[in-house]
Each structure stands twice: as C-alpha cells, then as structure tokens.
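# Fold and geometry: a report
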Amino acid sequence: MSGTVATRLAELGLTLPEVVPPLAAYQPAVRSGNYVYTSGQLPMVDGKLPATGKVGAEVTPEQAKELARVCALNALAAVKSVAGDLDRIARVVKVVGFVASDPSFTGQPGVVNGASELLGEVLGDRGVHARSAVGVAVLPLDAPVEVELQVELAP
C-alpha cells in the first residue's frame, strides 16, 4: 500500500471518527506489548446509532454490512487512541463480528465482510486477518452489529 493510512482514508473519502466513549466500565482499546485489543465497537455516528434492530428483520443485510464498515472505522479510531499512529499497524490479527440476527438469518459472514473489506481497503495486506462472525440475539442499545479488533503493532 502506498502512502500513509491517513492518506488512504482520505483517498477513500473516509474520515477517522473520534473514539466512541465507553457505555460502561471498560476502555475502548488497551495495549499489551505489541498488541492492541479493542472493545466491541458499535456503528455509532456522531454519538448515535444510525439503525437499530435485528438483521434479517428491521435491518437489511446490505445496511448491516455498511454498519460493519462504520464499526471497523470506530475500531481503527480506538486503535489510534493507544497506538498514536495507524501507520504503526503491522497487521490486523483477528476480527470478531457480532450480528444481532433474526432467528431465520444466517448471513452473518456477509455482514461482517463490511468490516473485513474496509480493513483491506485501508491497510492493504496488513488488513488481512483471521475472523469470527457470530449471530447473537441482541447487542447493546439494540445495535445490529458490533466489531472488535486485535492488531499487532510494529516494534
């Protein structure tokens, strides 16, 4: 990938948001050695959820995939808050995506692709990762999707 992560975000027409404040007793991200672990990030935009409900019912899979992109951007903001600079990312190690799902919905991997694809677009090969996409009954604030990252930093 050529250029800095900030340049790549700008080329994609994306802006790194402010870190979403915690909803309870936790930190948005913590660093341990060369790793940063984010807390689950909801698709908050300007302090609000743009959509609520279950994927496959109130929220379409396409909407949820876009919301997963927002979660990934919020997770990158959390990483930056402890790493100082997103150019320090050596690689995204693991992505875990939670999808609040209607009982008949089984397309969780396609929803979480929103986060995975964004990380690839922004970080190139450094964004390739292991992943889990999990369907759940409900998420905080009735969010349709939540994403957490594990990132390795360059020493």
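Notes on the structure follow. (Residues numbered from 1 in each chain as written. Predicted model: local features only at pLDDT ≥ 70, side-chain atom pairs only at ≥ 80, totals over all residues. Heavy atoms only, no water.)

### As for the layout of surface pockets
- Within this model, the largest pocket holds a volume of roughly 260 Å³.
- Lining the largest pocket are 14 residues, with Pro-17, Met-44, Val-45, Asp-46 and Asn-74 sitting closest to its centre. (1 Å grid on protein atoms, 1.4 Å probe; cavity = no way out; pocket = protein on both sides within 12 Å on 5 of 7 lines; lining within 4 Å. Points joined across faces, edges and corners; volume = space filled by probe spheres on them.)

### Notes on the pattern of salt bridges
- Taken as a whole, this structure holds four salt bridges when the rule is applied.
- Put simply, Lys-54 and Asp-142 hold a salt bridge, and the shortest N to O gap is 3.0 Å. Linking Lys-54 in the loop between β2 (35–38) and α2 (61–83) with Asp-142 in the loop between β4 (130–136) and β5 (145–153), this pair joins segments that are 88 residues apart in sequence.
- Between Glu-117 and Lys-65 there is a salt bridge, with its nearest N and O atoms 3.2 Å apart. Highlighted residues: Glu-117 in helix α3 (residues 108–123) and Lys-65 in helix α2, separated in sequence by 52 residues. (Salt bridge = Lys/Arg side-chain N within 4 Å of Asp/Glu carboxyl O. Helix = DSSP H or I, 4+ residues; strand = E, 2+ residues; numbered from the N terminus.)

### Details of the packing of aromatic side chains
- Here the structure, examined in full by the defined rule, presents one aromatic pair.
- Summarising the aromatic geometry, the rings of Tyr-35 and Tyr-37 are spaced 6.5 Å apart at their centres and angled 35° between planes, so their arrangement reads as tilted. (Phe/Tyr/Trp six-rings, centres within 6.5 Å; stacked < 30°, edge-to-face > 60°.)

### Here we look at a nonpolar patch on the surface
- Residues Leu-23, Tyr-26 and Leu-141 make up a contiguous nonpolar surface patch of roughly 280 Å² in combined accessible area.
- Residue Tyr-26 is classed as partly exposed on the basis of its relative accessible area of 32%. (Patch = residues over 30% accessible without salt bridge, like charges linked within 9 Å, V, L, I, M, F, W, Y side chains within 5 Å. Areas by Shrake-Rupley, 256 points an atom, 1.4 Å probe, with all protein chains shown as cover. Buried < 20%, exposed > 50% of the residue type's maximum accessible area, 1.4 Å probe, protein only.)

### Points about empty space enclosed by the protein
- One pass over the full model with this rule turns up one cavity of 30 Å³ or more.
- Considering the residues around the largest cavity, the lining is formed by Val-20, Pro-21, Pro-22, Leu-23, Tyr-26, Pro-28, Ser-39, Gly-40, Gln-41, Leu-42, Met-44 and Leu-141.
- In terms of residue class, the lining of the largest cavity is made up of nine nonpolar, three polar and no charged. (Nonpolar A, V, L, I, M, F, W, Y, C, P; charged D, E, K, R; others polar.)

### A word on the pairing of strand β1 (residues 29–32)
- Pairing of β1 with β2, which is carried by four bridges, proceeds in the antiparallel orientation. The residue of β2 that forms the bridge with Ser-32 is Tyr-35.
- Hairpin connection from β1 to β2: two residues lie between these consecutive antiparallel strands, with Gly-33 at a positive phi of about 60°. (Pairing = 2+ DSSP bridges.)

These figures come from the coordinates and say nothing about function on their own.
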